[in-house]
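Understanding the architecture of this molecule
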Amino acid sequence: MAIIRYEPWSLLNQLQKELERSHDVQNGENSSVSTAEWTPAVDIKEEADKFVVYADIPAVKPEDIEINMEAGVLTVKGEKKSEAKTEQEGYKRVERVHGSFYRRFSLPDSANSDAISAKCKNGVLEITIPKREAVKPKRIDVVSED
């Protein structure tokens, strides 16, 4: 009797990948980038003066990560490289994924794209996006011509 692993989220993950792929093809982007082999978990936090994005990317080197901001869209892509494994090492199951990843996030107009910074520590990528200073309304005095 064969043991089949139950993965309740696999259909949703597959749907998400298909939607991302169709979105990227419609926008004329390279379809090979949109077929990510894995998707890092991401948390987005808004603070008073900034947005902070945390992405779990264990075993990904900083030089293998590319972050871009264009037209209010933050794009994070990269690659987790695998080491060659041989059958002789006794692996019965391999669940750790390797390959490229690709995530996009729409940011509000208050995001300051000129001051974005990123750092990676212990397998967590932290992207800090400062907010622009709020534009204060300008009072215009009315002059009497009497």
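In this report, the structure presented in the accompanying data block is examined. Since this is a predicted model, take the numbers as computed values, not measurements.

Parameters at a glance
Residues numbered from 1 in each chain as written. Predicted model: local features only at pLDDT ≥ 70, side-chain atom pairs only at ≥ 80, totals over all residues. Heavy atoms only, no water. Pairing = 2+ DSSP bridges. Helix = DSSP H or I, 4+ residues; strand = E, 2+ residues; numbered from the N terminus. Axes fitted to C-alpha atoms, helices over the stretch in contact; angles between N-to-C directions. Core = buried A, V, L, I, M, F, W, Y, C linked by side-chain atoms within 4.5 Å. Buried < 20%, exposed > 50% of the residue type's maximum accessible area, 1.4 Å probe, protein only. Contact = heavy atoms within 4.5 Å.

1. A short note on the sheet that holds strand β1 (residues 42-46)
- If you walk across this open sheet you meet the 4 strands as β1-β2-β7-β6, and the pairing is antiparallel. Here the strands that pair on one side only, and so sit at the sheet edges, are β1 and β6 (117-121). On average, each strand axis in the sheet is inclined to that of its neighbour by 15 degrees, with strand direction left out of account.
- Sheet topology note: the β1/strand β2 (residues 50-56) ladder contains 5 bridges and is antiparallel. Looking across to β2, one finds that K45 is bridged to V52.

2. Concerning the sheet that holds strand β4 (residues 73-80)
- Reading across the sheet, the 3 strands line up as β3-β4-β5 and stay open at both edges, with antiparallel pairing between neighbours. On the outer flanks of this sheet lie β3 (65-70) and β5 (99-106), each paired with one strand and no other. Across the sheet, the mean angle from the axis of one strand to that of its neighbour is 10 degrees, orientation sign disregarded.
- Sheet analysis places β4 next to β5, joined by 8 bridges and oriented antiparallel. Residue pairing for β5: L74 is matched across the bridge by F105.

3. Section: the nonpolar core
- If you look at the biggest cluster of nonpolar residues, it comprises 16 residues, and the most contacted ones within it are I57, L74, V76, L125, I127 and I129.
- Listed by contribution, the elements that provide at least two residues to this core are β2, β4, β5 and β7 (124-130).
- When sequence neighbours within four positions are dropped, the list of residues in contact with I57 reads W38, P40, I65, F101, C120, G123 and L125.

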